[in-house]
Every structure is written in structure tokens, then in C-alpha cells.
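Architecture at a glance
What follows is the residue order along each chain.
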Amino acid sequence: AQSVTQLDSQVPVFEEAPVELRCNYSSSVSVYLFWYVQYPNQGLQLLLKYLSGSTLVESINGFEAEFNKSQTSFHLRKPSVHISDTAEYFCAVSQVKAAGNKLTFGGGTRVLVKP
Amino acid sequence: DTGVSQNPRHKITKRGQNVTFRCDPISEHNRLYWYRQTLGQGPEFLTYFQNEAQLEKSRLLSDRFSAERPKGSFSTLEIQRTEQGDSAMYLCASSLEREWDTQYFGPGTRLTVL
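Described below are features of the structure shown in this document. (Residues numbered from 1 in each chain as written. Chains lettered and ligands numbered in written order. Predicted model: local features only at pLDDT ≥ 70, side-chain atom pairs only at ≥ 80, totals over all residues. Heavy atoms only, no water.)

A look at the packing of aromatic side chains
This model, assessed by the stated rule, comprises 15 aromatic pairs over all chains. Each ring, one from phenylalanine 105 of chain A and one from phenylalanine 105 of chain B, has its centre 6.1 Å from the other, and the planes form 75°; the classification is edge-to-face. Taken together, the positions of phenylalanine 105 of chain A in strand 11 (residues 104–105) and phenylalanine 105 of chain B in strand 10 (residues 104–105) put the pair across two chains. Relative accessible area serves as the criterion here: at 9%, phenylalanine 105 of chain B is assigned to the buried category. (Phe/Tyr/Trp six-rings, centres within 6.5 Å; stacked < 30°, edge-to-face > 60°. Helix = DSSP H or I, 4+ residues; strand = E, 2+ residues; numbered from the N terminus. Buried < 20%, exposed > 50% of the residue type's maximum accessible area, 1.4 Å probe, protein only.)

Written out as C-alpha cells, the structure reads:
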């Protein structure tokens, strides 16, 4: 079994400031890692993912996350946030070689970007 | 591509009643997932289908819950004898098996059991 912990339930941040959302996971087997985002009144959308290769992955809208195997972490960062980044962010894992690729989610971090 | 759709978007019912939710996945997506999200928590996996076969069910899916995907297209999730603890957002997601690393989520059905 695996579990995901997002240490911050809410993160207020000013526009153009940097933000980091922390994600730690626990698993007895290797996992793939994901960040999903839920904008107000919308469904969850995949933001970025780590499957293999370079441990630093980037999204098209300026977010990046780094897989750290020794610390079992997959923190999400953005150097300069916009008002439009206000959303809830979910970290998730999926077991490697598991049929179905079901996702195990963390509790979410709500980001509120203030002008 | 109209995305994953779910109906109804909201359902209010009294304890003990049965409810049924529907999910229409993205066309040609052969995998379909159900998750449940309670207030302040992340989504929790309930079950998934590959085509019409239900291949995995979570311990969360008690005997009162049943899911079907009769023709490998849309899916229904039925809850019998609803309890207040069933109040949650029920999310549906779909994916292609060959593009397994991206699940597309619907807007969810919010169930309130009075």
C-alpha cells in the first residue's frame, strides 16, 4: 500500500512571489508521481508527472517538480505565481507495474494568490 | 472530444434511499475509474473498469455500492440504502490503456444524504 502526505492544506501567496507545495509519499514498491490541479468549479487536470528519467519535470505553465527518491518527495514549485494559479493542487502516486494504474492522492493544498 | 461528463451534478437524498450516478467517458477511452472525495480530503479510489470488465474494487466499496459498465462505454454507480457517511463528491475519470499515465476527470456528482 502507499500513502501521500501534503503537509500544507492552504498556502496564501502574493502575485509574482514564488510558491512551493510539499508532497511526501510512502510506498513499499516503486511509484510514478503526479500533480493534479483543480481550478474553481472545474474537474481535476493533470499538471505534470514523473515516470522515469530526469528527476526534474516541468509543466507548460511554469510549474516544476523534482523527484527525490531518498527523501520520498515530489515537491511542486513555481518561481512567480499569477492570480490564475489560484486552485487546489493534489499530489498523487501510482504503483509501477500495477494493473489499472489507480491513483492514490494526498489531501490537497489550496493555493490562494493575492494581488 | 467533449470531455468526461457526469450526471447529475448534484443529488440530495434522504437516508435509506437508493441513488444512481452516470459517467460518460471520453469516446474510445477503454479505462474508467470511480473515485470518492469527501470534504477536505483528496480523492480515494473506488473501482475501475477496462472495457466492460470491473477489474479492481477498493475496500471502500461496501456491498451497498455497485458499479457497471455494460457495453464498455458509459458507467453507472449505484448506492443502495444511502447513509449520511456516503455524502461526498463522486468523481469519474477515463483514460486510454496505451496512455495510462493521464486520467481525465469529470466534474463530479455531489451527493448529500440528509
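Still to come is the rest of the account.
Observations concerning the interface of chain B and chain A
Accessible area lost during the coming together of the parts is what is often quoted as the interface size. If you look at the interface, chain B gives 19 residues, while chain A gives 18 residues. Between chain B and chain A the total buried area reaches about 1,500 Å² when both faces are included, carbon and sulfur atoms providing 54% of it. By the criterion of area lost to chain A, the three top residues of chain B are Trp100, Asp101 and Phe105 of chain B, representing 34% of everything that side buries. At the boundary of chain B with chain A, the tally comes to two salt bridges. For lysine 102 of chain A, the salt bridge is made with glutamate 56 of chain B, and the minimal N-O distance between the two is 2.6 Å. Connecting chain B to chain A are nine residue pairs in polar contact (both at pLDDT 80 or more). Taken together, the elements giving at least two residues each to the side of chain B that touches chain A come down to strand 4 (31–37) and strand 5 (44–50) of chain B. (Contact = heavy atoms within 4.5 Å. Buried area = accessible area lost by both parts, 1.4 Å probe. Salt bridge = Lys/Arg side-chain N within 4 Å of Asp/Glu carboxyl O. Polar contact = N/O pair within 3.5 Å; in protein donor to acceptor, adjacent residues only side chain to side chain.)

Some details on the pattern of salt bridges
Tallied over the full model, the rule gives nine salt bridges over all chains. One salt bridge in this structure joins aspartate 8 of chain A and arginine 22 of chain A, with 2.9 Å as the shortest N-O distance. Note that aspartate 8 of chain A is positioned in the loop between strand 1 (2–5) and strand 2 (10–14) and arginine 22 of chain A in the loop between strand 3 (19–21) and strand 4 (24–27), a separation of 14 residues in sequence. Residues participating in the shared-partner salt-bridge network are Arg64, Glu83 and Asp86 of chain B.

A word on unusual backbone geometry
Residue proline 8 of chain B is bonded to the preceding asparagine 7 of chain B through a cis peptide linkage, with omega at -10°. Relative to the assigned elements, proline 8 of chain B resides in the loop between strand 1 (5–7) and strand 2 (10–13). Backbone geometry places glutamate 16 of chain A, a non-glycine residue, at a positive phi of 75°. Relative to the elements of secondary structure, glutamate 16 of chain A occurs in the loop between strand 2 and strand 3.

Structural notes on the state of the cysteines
All names here are of chain A. Applying the stated criterion to the full structure yields two disulfides over all chains. A sulfur-sulfur separation of 1.9 Å characterises the disulfide bridge that pairs cysteine 23 with cysteine 91. In this structure, the disulfide formed by cysteine 23 and cysteine 91 twists by about -65° around the S-S bond and is classed as left-handed. Here cysteine 23 is found in the loop between strand 3 and strand 4, whereas its partner cysteine 91 is found in strand 10 (residues 87–95), with 68 residues between them in sequence. Each of the two residues, cysteine 23 as well as cysteine 91, counts as buried. (Disulfide = S-S within 2.5 Å.)

Comments concerning the nonpolar core
Soluble globular proteins: nonpolar side chains tend toward being buried together. Core analysis: the biggest nonpolar cluster contains 28 residues, and Trp35, Leu48, Phe74, Leu76 and Tyr89 of chain A have the highest contact counts within it. For this core, the secondary structure elements donating two or more residues are strand 2, strand 3, strand 5 (31–38), strand 6 (45–50), strand 8 (64–68), strand 9 (73–78), strand 10 and strand 12 (109–114) of chain A. Setting aside anything within four residues of it in sequence, one finds leucine 48 of chain A in contact with Leu33, Phe34, Trp35, Val57, Glu58, Ser59, Phe63, Glu64, Ala65, Phe74 and Leu76 of chain A. Formed by 19 residues, the second largest nonpolar core is a distinct cluster that contains Cys23, Phe49, Leu61 and Val113 of chain B. (Core = buried A, V, L, I, M, F, W, Y, C linked by side-chain atoms within 4.5 Å.)

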